[in-house]
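Structure at a glance
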Amino acid sequence: MGEFTVHRVRFFDHTPAAVRALAFHGGSERLALARADGAVELFNFNDNYFQEKVIPGQDGRTVEALCWVGQRLFAAGLNGEITEYDLENLKPSYTVEAYGGPVWTISANSQGSLLAAGCEDGTVKMFEILEKKIQFQRNLDRQKGRIVSLSWHPTGSLIAAGLMDMIRIFDAETGRATHRLLVDRGVGTSKSQEVVVWSVLFLSDQTIISGDSAGKVQIWDGHTGTLVRTHLVSKWDVLALAVSKEEDSVIAGTSEGTIIQFQFLSSTVAQQEKEWIRTRTFKNHSHDVRALVHTETAVVSGGMDTQLVVRPLLDKVEKNTMESSLRKIAFPHRSLVCCAKKAGLLLFQFPEHLELWRLGEGEGHGRAGDSLPVKRKPEKLIHLKRKGDDQICCSALSPCGGWMSYSTVSSVRLYRIQYDDNNISITKVSKLPKSLCSVHRLCFSPDSSKLFAASSHSSVVVVALNQSECKHLSTLKPKSGSRQPVHLLVASEDGKWLAAANTACEVHVYNLHTMKLHCTVPVFRSCPTAIGINPVTSNLVSVHADQQIFEFSLGQKEYTEWSRKLQKQGLHSLWLQRDTPVTHVTFNPRNPAHILLHDTFMFCIIDQSLPLPEAKSPLYNQMMLRSLPEAERVQHSHAFKISKNFQHLLCVSLLEDLSLVVVERPLLDIMSQLPAPVRQKKFAT
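Owing to the predicted nature of the structure, the values given are computational and were not obtained by experimental measurement. (Residues numbered from 1 in each chain as written. Predicted model: local features only at pLDDT ≥ 70, side-chain atom pairs only at ≥ 80, totals over all residues. Heavy atoms only, no water.)

1. Remarks on the overall build of the protein
Applicable threshold: Under the scheme used here, helices are H or I runs from DSSP no shorter than 4 residues and strands are E runs no shorter than 2 residues, and both carry numbers assigned from the N terminus. For a compact globule the rule gives 2.2 Å times the number of residues to the power 0.38, and the radius of gyration it is set against comes from C-alpha atoms. Only protein chains enter the accessibility calculation, which uses a 1.4 Å probe; a residue is then buried when its area is under 20% of its type maximum, exposed when over 50%, and partly exposed in between.
Summing up its helical and strand segments, the protein has five helices and 57 strands in all. Taken against the 2.2 N^0.38 rule, which gives 26 Å for 685 residues, the C-alpha radius of gyration of the protein at 27 Å falls within 12% of a compact globule. In terms of overall dimensions, the protein has a C-alpha envelope of 75 × 60 × 50 Å along the principal axes. Per-residue burial over the protein gives 58% buried out of 685 residues.

Structure follows, in structure tokens:
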């Protein structure tokens, strides 16, 4: 595998924000997730649950609810506004003031023609969904308390609203309230407290299901407005409900971190009539479950512990398969760390600021696994706060460490960094080309003379950098006419090639000498998660969300012989079963046959000079090889050298002196920064 001096970095204090809302689009199998800081993430469940897009948040704009209407995504929050997102340019398209105070919930009818918003002032506001905007239509009958939850009847004629101590049913055509369903308060001391109906479901048979702050899931008859049954599921709040498409299964999320499933079943074999029966309890969260989605095969949940959990329902999937495994998505599927290979610097990206660190230095030499004494500790050089209200969406650091740049949805900023012994100065470049207004990805050339910025419609802006000014050189555009954003950008070491991958699964390669499109890599069904250009062979290596690996010759404009052999033989089953994507690909310039890559849980060197692993041979065989004599070691060696010595990896990069930088963020460190969960009585305490 080779020996490296490793800089083990654990001072990147990345802490994701809590999950506040989820919305699932069944047609495209895409999940929208909103976090407490206002950021919205899109996951493609058809493509191995890959996080394909991130829309950064904004100060003061929280998201309490999400709603899909066809291919359009709407959000609402406590700032009193309803926002529609531009999913191509990854920013809010427009906002509409609801004029009802904070908006707690939004819900669209099944026809996709009306959007209802539940407001603080007790009104349900109806908006007509037009082709490019939404327009206020009318208010439903005003109530005394805030509207916390909403659910349309599938026909679109009625709408149920959850308030304080009650549920109201409205006629959507007249706007009149037709029924009032009073919700019982808790017992004992909690009887004096108002009950908040956090979530409500309106089923096609006129059944209404509610979850409230007294820990109850209640079944109601919507025809008569009477209570059918009460399930006390928690001593704390029931915060979220979700129903399956067939309406035969309901899930409830609580403040204790548990999820309870109810199914519409006959209680005995002889009984014909069905009723809602509590069947399963899942415990996959340590804190509040704030949002739930019930897909055809799984329970999807998120909450205060920041993780997105996909829990398959084993009666809906085949056992002992990829689909039946539990998934916890805790880290972003994109890199938040940039490494200056020549200068030994690290740039950490946070939503509100950037941090520039100088790596420490060890002294002496040791054997494999030894920890070397620290000669110089890591040093924080710059803490740069962003300007404006918009969160940082991307950033970059030049290999020489002399340039730093970041972008928000509204502007791009570029800084010149100068080092003088122990002093450091940072200067903002005041005049930037007008083409650098808002970008999705930033990248510097290996010689630090150019800045590449991925702009709208998959185009890439090329800017020349020098001491006095920044000059626009060219705008590179693909011939495909794709409108999808670029999420990966990488330049070759010789300064000739630039590769850009977008979320339409396209990879375009440009010739930087002629400033023209060189070729487009054949489009694969799965989105690229990491790309890299070999500095010696000029072969483009791409790794995809489904864990497939390809090598494409830029000179020959075709897949290499090694890539064809890999696809013909197939990757090892254990490699394909990994559930976190590869987020970085790099190369060892002294050994062009070595491809270095990593995901969240492993670091791998692929040695192209060795045979590929057979289907029945062990993939993780490094420990076994160490115990074998040198002669036998060669017989059992294969191309995939995998190390799991490091966990929760955010970045693995190779410096110019061939030492490795490994940035880890242990999950326990994130959990320690969360607020304490609700106290649960345990046995003998």
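On we go from here.
2. Remarks on the packing of aromatic side chains
Each aromatic ring pair is specified by the distance between its two centres and by the angle formed by the two planes. Our working definition: Pairing of aromatic rings covers Phe, Tyr and Trp, the last counted by its six-membered ring, and requires centre-to-centre distances within 6.5 Å; plane angles under 30 degrees mean stacked, over 60 mean edge-to-face, and any other angle means tilted.
Under the criterion given, the structure shown has 13 aromatic pairs. Judged by centre distance (5.5 Å) and plane angle (35°), the ring pair of Phe550 and Tyr559 falls under tilted. Neither Phe550 nor Tyr559 differs from the other in exposure class; each is buried. Through a chain of ring-to-ring contacts, the aromatic side chains of Phe11, Phe12, Phe348, Phe350 and Trp357 assemble into a single cluster.

3. Focus on the domain arrangement of the protein
As a reminder of what qualifies: Note that the domain bounds were set by an automatic or database domain assignment. Two residues qualify as a contact provided that any one of their heavy atoms is within 4.5 Å of a heavy atom in the partner residue. Put simply, buried area is how much 1.4 Å-probe accessible surface two parts lose in total, over both of them, once they are put together. A pairing counts as a salt bridge when a side-chain nitrogen of Lys or Arg comes within 4 Å of a carboxyl oxygen of Asp or Glu. Contacts described as polar in this section are N or O atom pairs within 3.5 Å, which, within protein, must combine one atom able to donate a hydrogen with one able to accept it, while residues neighboring in sequence count only if both atoms come from side chains. Lys, Arg, Asp and Glu make up the charged group, whereas Ala, Val, Leu, Ile, Met, Phe, Trp, Tyr, Cys and Pro make up the nonpolar group; the residues left over, Gly among them, are polar.
Segmentation of the protein into domains returns domain 1 (19-306), domain 2 (333-523) and domain 3 (526-671). Taken over C-alpha atoms, the centre of domain 1 sits 43 Å from the centre of domain 3. Taken together, the six residues of domain 1 in the interface contact eleven residues of domain 3. Of the roughly 580 Å² buried where domain 1 meets domain 3, counting both sides, 61% is carbon and sulfur surface. Broken down residue by residue, the surface that domain 1 buries against domain 3 is led by Asp47, Asn48 and Phe50, which jointly contribute 74%. Counting every contact that joins domain 1 to domain 3 gives zero salt bridges. Taken together, domain 1 and domain 3 are joined by three residue pairs in polar contact (both at pLDDT 80 or more). Here the residues of the side of domain 1 that touches domain 3 sort into one nonpolar, three polar and two charged.

4. Re the environment of Thr281
If you trace the backbone, Thr281 turns up in strand 25 (residues 275-283). Filtering out sequence-adjacent residues up to four positions away, Thr281 remains in contact with Thr258, Ile259 and Ile260. A distance of 3.5 Å separates a polar atom in the side chain of Thr281 from a polar atom in the side chain of Arg278.

5. A few points about the sheet that holds strand 41 (residues 450-454)
Here is the rule we go by: Should DSSP find at least two bridges between two strands, the strands are taken to pair. To obtain each axis, a line is fitted to C-alpha atoms, and for helices this fit is confined to the stretch in contact; angles are then taken between N-to-C directions over 0 to 180 degrees.
Spatial ordering of the open sheet is given by 40-41-42-43, a layout of four strands whose pairing is antiparallel. Both outer strands of the open sheet, strand 40 (441-444) and strand 43 (470-476), are each paired with one neighbouring strand and no more. Adjacent strand axes in the sheet meet at a mean angle of 20°, parallel and antiparallel pairs treated alike. Where strand 40 meets strand 41, four bridges bridge the pair, whose relative direction is antiparallel. Note on strand 41: the bridge partner recorded for Leu442 is Ala453.

6. What about helix 1 (residues 561-569)?
Under the convention used in this document: Note that the arc is computed from the directions linking the helix axis to the C-beta atoms.
Within the sequence span of helix 1, burial applies to Trp562, Ser563 and Leu566. Down the axis, helix 1 shows its buried residues gathered within 100° of arc, on one side only. Exposed positions of helix 1 whose direction lies more than 90 degrees from the buried face are Glu561 and Lys568. Buried-residue contacts for helix 1 involve strand 50 (549-553), strand 51 (558-559) and strand 54 (603-607).

7. Things to note about the environment of Glu561
Relative to the assigned elements, Glu561 resides in helix 1. Judged by its relative accessible area of 63%, Glu561 is exposed. Spatially, the C-alpha atom of Glu561 lies 8.7 Å from that of Glu551, the residues being ten residues apart in sequence.

8. As for empty space enclosed by the protein
Empty pockets left among the atoms are what a rolling probe the size of a water molecule brings to light. Stated precisely, the cut-off is as follows: Think of a 1 Å grid over the protein atoms and nothing else: a 1.4 Å probe that fits but is trapped marks a cavity, an open set flanked by protein within 12 Å on at least five of seven lines marks a pocket, and residues with an atom within 4 Å of a point count as lining. Grid points are joined across faces, edges and corners, and a volume is the space filled by probe spheres set on the points.
Taken as a whole and assessed by the stated rule, the structure comprises four cavities of 30 Å³ or more. By volume, the largest cavity amounts to about 90 Å³. For the lining of the largest cavity, a count of residues per class yields six nonpolar, three polar and two charged. Shared between two domains, the lining of the largest cavity takes at least three residues from each, and those domains are domain 2 (333-523) and domain 3 (526-671).

9. Comments concerning the nonpolar core
For clarity, the threshold we go by: The nonpolar core is taken to be a set of buried Ala, Val, Leu, Ile, Met, Phe, Trp, Tyr and Cys residues, with the residues joined through side-chain atoms within 4.5 Å.
Ile549, Trp575, Val585, Leu597, Cys604, Ile606 and Phe640 are the most contacted members of the largest nonpolar core, which has 21 residues in total. For this core, the secondary structure elements donating two or more residues are strand 49 (539-544), helix 1, strand 52 (584-588), strand 53 (591-598), strand 54 and strand 55 (640-643). Residues contacting Cys604, with those up to four places away along its chain left out, are Trp575, Ile595, Leu596, Leu597, Phe640, Lys641 and Ile642. Core analysis: the next-biggest nonpolar cluster, separate from the first, contains 19 residues, Ala330, Val337, Leu346 and Leu650 among them.

10. Topic: the side chain of Thr503
Here Thr503 lies in the loop between strand 45 (497-502) and strand 46 (507-511). Thr503 has contacts with Glu52, Lys53, Gln484, Pro485, His487 and Cys527, leaving out every residue within four places of it along the chain.

11. Section: the pattern of salt bridges
Enumeration according to the criterion identifies 20 salt bridges in this entry. Ionic pairing is found between Arg35 and Glu41, a salt bridge with its closest N-O pair at 2.7 Å. Neither Arg35 nor Glu41 differs from the other in exposure class; each is buried. When salt bridges with common partners are traced through the structure, they connect Arg8, Arg10 and Glu664 into a single cluster.

12. Digging into the environment of Val103
Among the structural elements, Val103 can be located in strand 10 (residues 103-108). Overall, the relative accessible area of 0% leaves Val103 in the buried class. Residues Val103 and Ile82, spaced 21 residues apart in sequence, show a C-alpha to C-alpha distance of 7.9 Å. Other than its neighbours up to four places away in sequence, Val103 contacts Glu64, Ala76, Gly77, Leu78, Gly80, Glu81, Ala98, Ala117, Gly118 and Cys119.

13. Structural notes on the state of the cysteines
Test applied: In this description, the term disulfide denotes a pair of cysteine sulfurs within 2.5 Å.
Evaluated as defined, the whole model comprises zero disulfides. Free of any disulfide, Cys338 has its nearest cysteine sulfur in Cys339, 7.4 Å distant.

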